[in-house]
Amino acid sequence: MAAVAGWAYGLVNCILYQAMYREAGAALDEEMVRRYATAMEAEPLSDRPMAEQLAALRAVLAADGPLAGTFDPYEGQQPFGEAEFRGFLARLADELESRGPWPAAPGRRRGGRLRRFLFPR
């Protein structure tokens, strides 16, 4: 298996960080999958094309090694289990794939829409 690019783990860490700290450990349910997919579509987490981000998610999921333990949870907050977080990422990748096909060029938009969508006030 080919080595996974470092930026792919950065993408996964960004998703984990948002889920742990911005969502306060909310359930990684289907609603959150759809919300994250819509947000990533509106304002990608990376300047790479969405097709590459999707491939990166799949590559990280196929690689060995823990993904859910990168950050310590807030005091009193339960961390996500490895299987739980990997399941969420797999469902997120499936949801993104269902919204394709994605153009080869990145569709990045500036202006903070991702932040406003994921974290409404």
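Preceding this section is the structure that the text describes.
Remember, it's a predicted structure, so these values are computed and weren't measured experimentally. (Residues numbered from 1 in each chain as written. Predicted model: local features only at pLDDT ≥ 70, side-chain atom pairs only at ≥ 80, totals over all residues. Heavy atoms only, no water.)

A.B. asks: How should I be thinking about the overall build of the protein chain in this particular structure?
C.D. replies: Counting secondary structure elements, the protein chain contains five helices and zero strands. In sequence order, the protein chain lays out its α and β elements as α-α-α-α-α. Burial analysis of the protein chain (121 residues in total) assigns 36% to the buried set. At a minimum sequence separation of 6, the contacts of the protein chain that also span at least 24 residues come to 79%. Accessible area of the protein chain: about 6,800 Å², with a carbon and sulfur share of 52%. (Helix = DSSP H or I, 4+ residues; strand = E, 2+ residues; numbered from the N terminus. Buried < 20%, exposed > 50% of the residue type's maximum accessible area, 1.4 Å probe, protein only. Contact = heavy atoms within 4.5 Å. Areas by Shrake-Rupley, 256 points an atom, 1.4 Å probe, with all protein chains shown as cover.)

A.B. asks: Could you clarify how one ought to interpret the environment of Ala-83 in this entry?
C.D. replies: Of note, Ala-83 is situated in helix H4 (residues 82–98). For Ala-83, a relative accessible area of 66% gives the class exposed.

A.B. asks: Can you walk me through H4 in this structure?
C.D. replies: Each full turn of the α-helix corresponds to 3.6 residues, which orients residues three or four apart in the same direction. With 17 residues, H4 ought to run about 24 Å at 1.5 Å a step, and its terminal C-alpha atoms sit 24 Å apart, in line with that. In the core, the buried residues of H4 are packed alongside helix H1 (6–22), helix H2 (30–42) and helix H3 (50–62). (Expected span 1.5 Å × (residues − 1).)

A.B. asks: What is the right way to look at the nonpolar core in this model?
C.D. replies: Most often, soluble globular proteins have nonpolar side chains that are buried together. Counting 29 residues, the largest nonpolar core has Ile-15, Leu-57, Phe-85, Phe-88, Leu-89, Leu-92 and Leu-96 as its most contacted members. Among the elements of the structure, H1, H2, H3 and H4 are those that each provide at least two residues to this core. Ranked by residues supplied to this core, first place goes to H1 with eight residues. In this structure Leu-57 touches Leu-11, Val-12, Ile-15, Leu-89, Leu-92, Ala-93 and Leu-96, once residues within four positions along its chain are discounted. (Core = buried A, V, L, I, M, F, W, Y, C linked by side-chain atoms within 4.5 Å.)

A.B. asks: What's the story with the packing of aromatic side chains in this structure? I'm lost.
C.D. replies: According to the stated counting rule, one finds six aromatic pairs in the structure shown. When the ring of Tyr-21 is compared with that of Tyr-74, the centres are 4.8 Å apart and the planes differ by 65°; the resulting orientation is edge-to-face. A residue pair is termed long-range when its members are at least 10 positions apart, and Tyr-21 in helix H1 and Tyr-74 in the loop between H3 and H4 qualify at 53 residues. Between Phe-85 and Phe-88, the aromatic rings sit 6.5 Å apart at their centres with planes inclined by 25°, giving stacked as the arrangement. With Phe-85 and Phe-88 both in helix H4, this residue pair falls three residues apart, about one helical turn. Per residue, the accessibility class of Phe-85 equals that of Phe-88, and both read buried. Among the aromatic residues, those joined into a ring-pair cluster are Tyr-17, Tyr-21, Phe-71 and Tyr-74. (Phe/Tyr/Trp six-rings, centres within 6.5 Å; stacked < 30°, edge-to-face > 60°.)

A.B. asks: Quick question: what am I supposed to make of H3 here?
C.D. replies: Its 13 residues give H3 an end-to-end C-alpha distance of 18 Å, which sits within 8% of 18 Å, the value for a rise of 1.5 Å per residue. Buried positions along H3 lie against H1, H2 and H4.

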